[in-house]
Amino acid sequence: MPVVAILMESTCSCSGDMALTPSTMLPLGTDLPDFQLPTTSGASLTRSALDQKPVLMMVICAHCPFVKHIEPELTRLDRDYRDRIQLLAVSSNSLITHPQDGADQLMKQAERHGWSFPYLIDQDQTLARSLRAACTPEFYLFAGSHESSRQTLQYRGQLDGSRPGNDQPLDGSDLRTALNAVLAGEPVNPDQIPSVGCNVKWHPGLEPDWFG
């Protein structure tokens, strides 16, 4: 479905600095970015600490209505894939402008939904820049192959067609299809629909060139 049509289908309270924004669609085949970030638990996580299981990075936050809408499916994804996929939540929103996405609020969000995956705090926004993240939520699935242990981007796109205010089922169908393909050692369909949500809240004056 064209991005314009997706945007027209979506209804959200995003306004002003919460503009409705599509994914930039980071090129498939991009390497898993390096990172060293604190988590809401007070620990630190690095790329080198991950194993060779596929990695699903989810750029989310506590306050965005698009994220709130999909929280039940994130809980189901955690339950269904936690033993086979390394799920990582990433919050990159500026706390200068949006303190409601601070560590305490993120921790409460995760506890409320029973999430077991690490929740990374990307306050210098370097990981968001490496991912060319544009909106919340965004999903990035990295995996190796039979030919190489390098984990590269296999999927970036929407969770499914559900948006706040539409009647589409919240079932994670697009992302689940990609996850299942990777786990089966099969190629992921490169025809992928961008995620749509509220824009990442960049530090004032430090917005990337794909913002706005």
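So, a few notes on the structure that sits alongside this text. (Residues numbered from 1 in each chain as written. Predicted model: local features only at pLDDT ≥ 70, side-chain atom pairs only at ≥ 80, totals over all residues. Heavy atoms only, no water.)

## Quick notes on the overall build of the protein chain
Right, so step 1: Along the protein chain, the regular secondary structure elements total five helices and ten strands.
Right, so step 2: When each of the 212 residues of the protein chain is scored for burial, the buried share is 52%.
Right, so step 3: Of the contacts made within the protein chain by residues no fewer than 6 positions apart, 77% connect residues no fewer than 24 positions apart.
Right, so step 4: Surface accessibility of the protein chain: about 9,500 Å² in total, with carbon and sulfur atoms responsible for 53%. (Helix = DSSP H or I, 4+ residues; strand = E, 2+ residues; numbered from the N terminus. Buried < 20%, exposed > 50% of the residue type's maximum accessible area, 1.4 Å probe, protein only. Contact = heavy atoms within 4.5 Å. Areas by Shrake-Rupley, 256 points an atom, 1.4 Å probe, with all protein chains shown as cover.)

## Observations regarding the side chain of Gln125
Right, so step 1: Within the element layout of this structure, Gln125 appears in the loop between strand S6 (119-121) and helix H4 (126-130).
Right, so step 2: Among the residues examined, Gln125 registers a relative accessible area of 1% and is labelled buried.
Right, so step 3: A distance of 3.0 Å separates a polar atom in the side chain of Gln125 from the backbone oxygen of Lys201.
Right, so step 4: Sequence-distant contacts of Gln125, that is, excluding residues within four places in its chain, are made with Ser92, Asn93, Ser94, Lys201, Trp202 and His203. (Polar contact = N/O pair within 3.5 Å; in protein donor to acceptor, adjacent residues only side chain to side chain.)

## Focus on the sheet that holds strand S10 (residues 196-199)
Right, so step 1: The three strands are arranged S1-S10-S7 in an open sheet whose pairing can be described as antiparallel. Among the strands making up the open sheet, the edge pair consists of strand S1 (20-22) and strand S7 (135-136).
Right, so step 2: Bridging between S1 and S10 involves three bridges; their strand directions are antiparallel. The partner of Thr21 across the bridge, within S10, is Gly197. (Pairing = 2+ DSSP bridges.)

## A closer look at the sheet that holds S6
Right, so step 1: The mixed open sheet is built from five strands, whose spatial order is S6-S5-S4-S8-S9. Where the open sheet ends on each side, the last strands, each with one partner, are S6 and strand S9 (152-157). This sheet shows a mean twist of 25° between the axes of neighbouring strands, independent of strand direction.
Right, so step 2: Taken together, the five bridges between strand S4 (residues 55-59) and strand S5 (residues 86-91) define a ladder with parallel strand orientation. Pairing of Val59 across the sheet is with Val90, part of S5. (Axes fitted to C-alpha atoms, helices over the stretch in contact; angles between N-to-C directions.)

## Focus: the pairing of strand S8 (residues 138-143)
Right, so step 1: Here S8 lies mainly inside the structure; six of its six residues are buried.
Right, so step 2: With burial as the criterion, each face of S8 is covered, one bearing Glu138, Tyr140 and Phe142 and the other bearing Phe139, Leu141 and Ala143.
Right, so step 3: For S4 and S8, the ladder comprises five bridges, and the chain directions are antiparallel. For Val55, the partnering residue across the bridge sits in S8 and is Phe142.
Right, so step 4: The pairing of S8 with S9 spans five bridges and is classified as antiparallel.

## Focus on the packing of aromatic side chains
Between two aromatic rings, the relevant description is the distance of the centres plus the angle of the planes.
Right, so step 1: Evaluation of the coordinates by the stated rule reveals three aromatic pairs.
Right, so step 2: Each ring, one from Trp202 and one from Trp210, has its centre 6.0 Å from the other, and the planes form 80°; the classification is edge-to-face.
Right, so step 3: An aromatic cluster is built from Trp115, Phe117 and Tyr119, whose rings are joined through pairwise contacts. (Phe/Tyr/Trp six-rings, centres within 6.5 Å; stacked < 30°, edge-to-face > 60°.)

## Examining the pairing of S4
Right, so step 1: Counted residue by residue, S4 has five buried out of five residues, so it is predominantly covered.
Right, so step 2: The alternating pattern of S4 places Val55, Met57 and Val59 and Leu56 and Met58 on opposite faces, both of which are buried.
Right, so step 3: Read from S4 through helix H2 (residues 65-81) to S5, the crossover connection turns out right-handed. (Right-handed = clockwise from strand over helix to strand, strands pointing away.)

## A short note on the environment of Ala89
Right, so step 1: Within the secondary structure layout, Ala89 lies in strand S5.
Right, so step 2: Along the chain, Ala89 and Phe117 lie 28 residues apart, while their C-alpha atoms are 7.0 Å from each other.
Right, so step 3: Excluding anything up to four places from it in sequence, Ala89 contacts Met58, Ile60, Phe117, Pro118, Tyr119 and Leu120.

## So, unusual backbone geometry
Right, so step 1: A cis amide bond, omega 5°, links Thr136 with the succeeding residue Pro137.
Right, so step 2: Within the secondary structure layout, Pro137 lies in the loop between S7 and S8.
Right, so step 3: Its identity is not glycine, yet Met25 carries a phi of approximately 60°, on the positive side.
Right, so step 4: Note that Met25 resides in the loop between S1 and strand S2 (36-38).
Right, so step 5: Of note, Gln125 is a non-glycine position whose phi angle comes to about 65°, a positive value.

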